[in-house]
Amino acid sequence: MHSAALSTMLAGVLLAQTGVDDPVEIRLVANMGVLVSQGESKVLIDALFADVERGVFREPSAQDRDAILNGTGAFEGVDALLVTHRHADHFNADEVGALLRGPAPIPVLGPDQVRAELRASSADADWIAEPAPGEAADSLARLCGDDAECGFSIEARPLFHNHTDENLSYAVTFGGTTILHLGDADPRYADFSVWDDVGIDVVLHNFWFADSEAGRTVLQERWAEARHIALHVPAVIDREQAIAKFGEGHVLVDPGERITINPGDHD
Ligand SMILES: [Zn+2]
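Numbering of residues begins from 1 in every chain and follows the order in which that chain's sequence is written. Per-residue local features of the predicted model are confined to residues with pLDDT of at least 70, and side-chain atom pairs are confined, for both listing and counting, to 80 or more; whole-chain, interface and lining totals are unaffected and use all residues. To obtain the side-chain values, all non-hydrogen atoms of the structure were included, while hydrogens and water were left out.

### Considerations on the overall build of the protein chain
Logical step 1: What counts as a helix is a DSSP run of H or I of at least four residues, what counts as a strand is a run of E of at least two, and both are numbered from the N terminus. When you go through the protein chain residue by residue, the secondary structure sums to seven helices and twelve strands.
Logical step 2: Partly exposed describes any residue whose relative accessible area lies between the buried limit of under 20% and the exposed limit of over 50%, with all areas from a 1.4 Å probe on protein chains only and scaled to the type maximum. By the burial criterion, 54% of the 267 residues in the protein chain qualify as buried.
Logical step 3: By definition in these notes, contact holds between two residues if any of their heavy atoms fall within 4.5 Å. The contacts of the protein chain with a sequence gap of at least 6 include a subset with a gap of at least 24, amounting to 64%.
Logical step 4: Here the protein chain has roughly 10800 Å² of accessible surface; of this, 47% comes from carbon and sulfur atoms. Method for areas: the Shrake-Rupley scheme with a 1.4 Å probe, in which residue coverage is limited to the protein chains shown.

### Section: the sheet that holds strand S10 (residues 202–206)
To summarise the sheet geometry, strands pair through backbone hydrogen bonds and adopt either a parallel or an antiparallel arrangement.
Logical step 1: Spatially, S7-S8-S9-S10-S11 is the arrangement adopted by the five strands of the open sheet, whose pairing is mixed. Of all strands in the sheet, those bounded by a partner on one side alone are strand S7 (153–158) and strand S11 (227–231). Neighbour-to-neighbour, the strand axes of the sheet open up by a mean angle of 20°, direction not taken into account.
Logical step 2: Across five bridges, the pairing between S10 and S11 is parallel. If you follow Val-202 over to S11, its bridge partner there is Arg-227. Only strands that DSSP links by at least two bridges are regarded as paired with each other. Orientation is described by axes fitted as lines to C-alpha atoms, over the contacting stretch for helices, and by angles from 0 to 180 degrees between their N-to-C directions.

### Things to note about the packing of aromatic side chains
Logical step 1: Between rings of Phe, Tyr and Trp, where Trp is taken as its six-membered ring, a pair exists when centres lie within 6.5 Å; planes separated by under 30 degrees are stacked, by over 60 edge-to-face, and by other angles tilted. With the rule as written, the count across this model stands at seven aromatic pairs.
Logical step 2: Residues Phe-160 and Tyr-189 carry aromatic rings whose centres are separated by 6.2 Å and whose planes lie at 85° to one another, so their mutual orientation is edge-to-face. On the criterion of sequence distance, the pair formed by Phe-160 in the loop between S7 and strand S8 (168–174) and Tyr-189 in the loop between strand S9 (177–181) and S10 is long-range, its members being 29 residues apart.
Logical step 3: On the basis of relative accessibility, which here comes to 27%, the residue Phe-160 falls in the partly exposed class.
Logical step 4: Judged by centre distance (5.8 Å) and plane angle (85°), the rings of Phe-192 and Trp-223 are edge-to-face. Of this pair, Phe-192 sits in the loop between S9 and S10 while Trp-223 sits in the loop between helix H6 (213–222) and S11, and the two are 31 residues apart along the sequence.
Logical step 5: Residue Phe-192 is classed as buried on the basis of its relative accessible area of 3%.
Logical step 6: Trp-223 sits in the buried class, given a relative accessible area of 6%.

Listed below in structure tokens is the structure:
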């Protein structure tokens, strides 16, 4: 990945539009799928997939799916969809292909394997952006236009998940607030030091971080000052159980739930 260069390029086209002190909202679509927004600046991450896991994990509601595909309601004016990896509980090529062929296509960023699946599904290649210099910057700049600004910046860096599936983590910065989505990074083997040069305010991690010594160490030592929010809660665990485990404001369980991040209130 050429994330540092990407960041530099994006910085030129993605200047802050909304106030740096405006709150950032994290709205759960399902599983690890979220809409992260500050005012009119909106980014979807891992938010368009189908229930091919047979109910093991929650899936996007029919209402949210339609709204994402049509760019309506809470999903009106979304600027980009980021995909961490190709697993079916995070991404589905047919679903994302439908988005790109529909009335509200948006740039989609993802690792090589995700982009290959999208191209194979005949999705419009113009919207498939490599999270590296050039393509991604061009796509996002085209979307934001020459005069308008997206109001955020995106960094993408790989974090190990397993030996066969590439996993990208994303830092999205709105004004002075940076949200880091880890995808399904494995806390035992991923090299989290790739983010050492970036100040992180909120870490979105999967459910199992809390169950492993390695995961707890990563969160408590590397990102001690950041707010930790658990996603990817198995469907057999309800909201009450999840709150008991992580605490109110530190987990998103049911589709549509949201957490508001106010500047300076990160832990
Ligand atoms: Zn997963």
